[in-house]
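Here is what each chain is made of, one letter per residue.
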Amino acid sequence: MQDRQDRPETTLQGAGVAAGVAIGPARVIESGLLAAPEYPLESQTAVDADLDRLERALNQSRRQLRTLRSKSKSLPGTAAEEMGYLLDAHAAMLDESRLVRGFRDRITKGRINAEAAVQAEVAHVARGFEQLDDPYIAARATDVREVGGRVLRNLMEGQAPSFGELAPDTILVAEEITPAETAQMDPEIVAGFAAVLGGAEGHAAIMARSLGLPAVLGAADLLTSVSTGDILIVDGHAGRIIVNPRPETLRRYSDRQAAQRREERKLARLRDVPAVTGDGSHVTLMANLELARDAELAMAAGAEGVGLLRTEFMFMNRDRPPNEDEQYDMLRKVVETMDGRPVTIRTLDIGGEKLAYSLGSMLGDHVGDAVNPALGVRAIRLSLREPKLFEAQLCAILRAAAHGPVRILLPMITTPGEVKQVREILLRLWRRLKRRGAKLPDAIPPLGVMIEIPGAALAADALAQSADFFAIGSNDLTMYTLAIDRADEQVAHLYNPLHPAVLRLIEFSVHAALRARLPVCVCGEIAGDPKFTALLIGLGVRELSMAAPALPRVKQRIRKLDTANAVRRARMVMEVADSGRIAALLDDLDGLA
Ligand code: PEP
Ligand code: MG
């Protein structure tokens, strides 16, 4: 075996989803890393529930193998063929095989939980292969373990992942990094991450940006090229991963990292400077938060409030959903940390790629089995179907609102009827809390809607009659308008918020809000990209909410802007039908405005 330092430097390409340079040792997250719990199934209902869980995990594993199979075609040379064979072999093992029958038998006859059944059957079959004389067949034991690990990981998805002991500046490497896993990353220890799957607008990417962790996703040959302990450079700007860098490469990137830190320190000086254009228009800059602990980052970045608190992350990495009191404690902490600045709390947006183990049984029925989860029971649709879950969350929000200004935001709204329904629920809960003697604010907080579905944007006039404010979610708006999965790296190159259809929907919604004199904020990822700032200001937007680390750069851009110029230029942009030309116009605008 070659010594690590003798191994040649290799460069892998993916999509850079969070800028910056990270340098450190790799830690490869293997499938089935978690220790599986074992417990008896006492009743037939419990047996049936675990059989259902197993089927879902098997289906998910099959889906993943299909995605990896098509991704493997882009690997260089014979690697594509070899990987193809391997993935086909794995898929065959999950195709009504002896292995799968063994999993089911252990649940029904042995009456043990699905995780324990998978673990025991994998160990049994793998041992059987290893005892055979034929070295080719004996090697199949590894395949069985890998496939079993995949099923196990899917069964345990969302349960608190454990990365084990990590060295400082670790770079996590995996087939896929789930939003729940990103929520577990401590930016004091983890320096960055890289994965084979995932797109720039998925929630793993969003989390990377909000934690300020450089990340590259969609690197096809990552797992065949990197082992735990290899030194990696993640260049989140160029979408590059350099494995075992030569000393001169390391030096070059260390210099870039130092320059980046200097620039950050310079930008930090803008913290207390107002976000005002050259001609004196004020723009409210707020932060998007995923975890309560990030409120401090928002304050440190000089945010004027929280424009979007994604509460679903509070439901991840735990065995059961937080109850009303637990949610109240977490929300109150954010409201108090923001010290009088408005906090926009979005109700649960679970479904699509965002799943939470703690809501497992509920999601199993409504979400896990959906033909197309992004179009199924997601977000407000789930909340309205699960009154207990929704009411606990709304009560926690109403109580937290006693500690500072709060706004309530509803995800994935399509009709005014949904807003009306929530208002009625809020009123009922308000009275109930009053009877209980809970401490409440003077009035029910403003109720806003996310404009993130094309239908909602086109019906923005009607929604403006029932909502108190709009928050434009350009991430989902782009996904649903262009029919492109935001988390799928295979179509990532087609995902483009600069598509004229998306821009027209944004313009339409902003104008509907302004006509109705409603506050309107943009809180999708374009809000944190300085390239879009002049266009959004030109379209009439005066509130932007973004990952805290993006705030200083956007503020810097605003301070150089002239509003009249931005308006003129935005008009020109809106007349162009080609996204390439629009991008060129925006670059131009950057130079001029
Ligand atoms: C959006 O869709 O733009 C948005 C802000 O919400 P999320 O990214 O959480 O779906
Ligand atoms: Mg959204």
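Residues numbered from 1 in each chain as written. Chains lettered and ligands numbered in written order. Predicted model: local features only at pLDDT ≥ 70, side-chain atom pairs only at ≥ 80, totals over all residues. Heavy atoms only, no water.

## Thoughts on the pattern of salt bridges
The line we're drawing: Here, a salt bridge means any Lys or Arg side-chain nitrogen found within 4 Å of an Asp or Glu carboxyl oxygen. What counts as a helix is a DSSP run of H or I of at least four residues, what counts as a strand is a run of E of at least two, and both are numbered from the N terminus. Exposure is judged per residue with a 1.4 Å probe applied to protein chains only, and the accessible area is read against the type maximum: over 50% gives exposed, under 20% gives buried, and values in between give partly exposed.
Applying the stated criterion across every chain, the model contains 33 salt bridges. Notably, a salt bridge pairs Arg 553 with Glu 263, separated by 3.1 Å at the nearest N-O pair. You can see Arg 553 sitting in helix α22 (residues 551–559) and its partner Glu 263 sitting in helix α10 (residues 247–268), a full 290 residues away along the chain. Residue Glu 263 is classed as partly exposed on the basis of its relative accessible area of 27%. One network of salt bridges, with partners in common, ties together Glu 312, Arg 346, Asp 349, Arg 378, Asp 476 and Arg 486.

## What to know about the packing of aromatic side chains
Note the threshold: In this analysis, rings of Phe, Tyr and Trp, with Trp reduced to its six-membered ring, are considered paired at centre separations within 6.5 Å, and the interplanar angle assigns stacked below 30 degrees, edge-to-face beyond 60, and tilted for intermediate values. Lysine NZ or arginine CZ positioned within 6 Å of the ring centre and within 35 degrees of the ring normal marks a charge as sitting over the ring.
Summed over all chains, the structure comprises zero aromatic pairs. Positioned above the aromatic ring of Phe 469, the side-chain terminus of Arg 407 is 4.0 Å from the ring centre.

## What to know about empty space enclosed by the protein
Rules: Grid spacing is 1 Å over the protein atoms alone, the probe is 1.4 Å, and a cavity is where that probe fits but cannot get out, while a pocket is an open set with protein on both sides within 12 Å along at least five of seven lines and lining residues have an atom within 4 Å of a point. Grid points are joined across faces, edges and corners, and a volume is the space filled by probe spheres set on the points. The nonpolar class holds Ala, Val, Leu, Ile, Met, Phe, Trp, Tyr, Cys and Pro. Asp, Glu, Lys and Arg form the charged class, and all remaining residues, Gly among them, are polar.
Counted by the stated rule, this structure contains two cavities of 30 Å³ or more. Looking at the largest cavity, it is lined by 15 residues, and the ones nearest its centre are Arg 310, Arg 346, Glu 452, Asn 475 and Asp 476. Mapped by element, the contributors of at least two residues to the lining of the largest cavity are β10 (306–310) and α19 (474–482). Sort the elements by how many residues they give to the lining of the largest cavity and α19 lands first, with three residues. When grouped by side-chain class, the residues that make up the lining of the largest cavity number three nonpolar, five polar and seven charged. As a volume, the second largest cavity reaches approximately 30 Å³. Lining of the second largest cavity is provided by Ser 210, Asn 288, Leu 289, Asp 294, Leu 297, Ala 547 and Ala 548.

## Some details on the sheet that holds strand β6 (residues 215–217)
By way of backbone hydrogen bonds, the strands of a sheet pair with one another, either parallel or antiparallel. The condition is simple: Two strands are counted as paired when DSSP detects at least two bridges linking them. Structural elements are reduced to axes, namely lines fitted to C-alpha atoms, with helices fitted over the stretch in contact, and the angle between N-to-C directions of any two is expressed from 0 to 180 degrees. The contact definition used throughout considers only heavy atoms, calling two residues in contact when any of these lie within 4.5 Å.
What the eight strands build is an open sheet, ordered β1-β8-β7-β3-β4-β5-β6-β2; its pairing is mixed. With one partner strand each, in any of the chains shown, β1 (10–13) and β2 (15–18) form the two edges of the open sheet. Averaged over neighbouring strand pairs, the angle between their axes works out to 30° when direction is ignored. Where β2 and β6 come together, three bridges link them in antiparallel fashion. Note on β6: the bridge partner recorded for Ala 18 is Ala 215. Strand contacts of helix α8 (residues 203–211): β2, β5 (190–195) and β6, with the helix running at about 55° to β2, the strand carrying the most contacts. Strands β3 (21–28), β7 (231–235) and β8 (240–243) of the sheet are contacted by α10, whose axis makes an angle of about 120° with β3.

## Some remarks on the nonpolar core
Defined as follows: In plain words, nonpolar cores are sets of buried Ala, Val, Leu, Ile, Met, Phe, Trp, Tyr and Cys residues tied together by side-chain atoms within 4.5 Å.
Counting residues in hydrophobic clusters, the biggest one holds 106 residues, and the most contacted among them are Leu 285, Phe 470, Ile 506 and Leu 544. Residue contributions to this core peak at eight residues, all from helix α15 (residues 387–400). Other than its neighbours up to four places away in sequence, Leu 544 contacts Val 283, Thr 284, Leu 285, Met 286, Cys 521, Val 522, Ala 527, Thr 533, Leu 536, Val 554 and Ile 558. Val 28, Val 151, Met 156 and Val 243 belong to the second largest nonpolar core, which has 47 residues in total.

## Some words on the site of ligand 1
Spelled out, the test is: Near residues are defined by distance, with any heavy atom within 4 Å of the molecule or strand qualifying the residue. Identification of polar contacts relies on pairs of N or O atoms within 3.5 Å, with a donor-acceptor requirement for protein atoms, meaning one able to donate a hydrogen and the other able to accept it, and with residues adjacent in sequence counted only if both atoms are side-chain atoms. All accessible-area figures derive from a Shrake-Rupley calculation using a 1.4 Å probe, and residue coverage is judged against the displayed protein chains alone. The rule for placing a molecule in a cavity or pocket is simple: more than half of its atoms must lie within 2 Å of the grid points.
Taken together, 17 residues form the shell around ligand 1, and within it Arg 310, Arg 346, Gly 473, Asn 475 and Arg 486 come nearest. Residue Arg 346 places a side-chain N or O atom 2.7 Å away from an oxygen atom belonging to ligand 1. Coverage of ligand 1 by the protein amounts to 100% of the 290 Å² it exposes when considered alone. With respect to the pocket detection grid, ligand 1 is positioned in the largest cavity.

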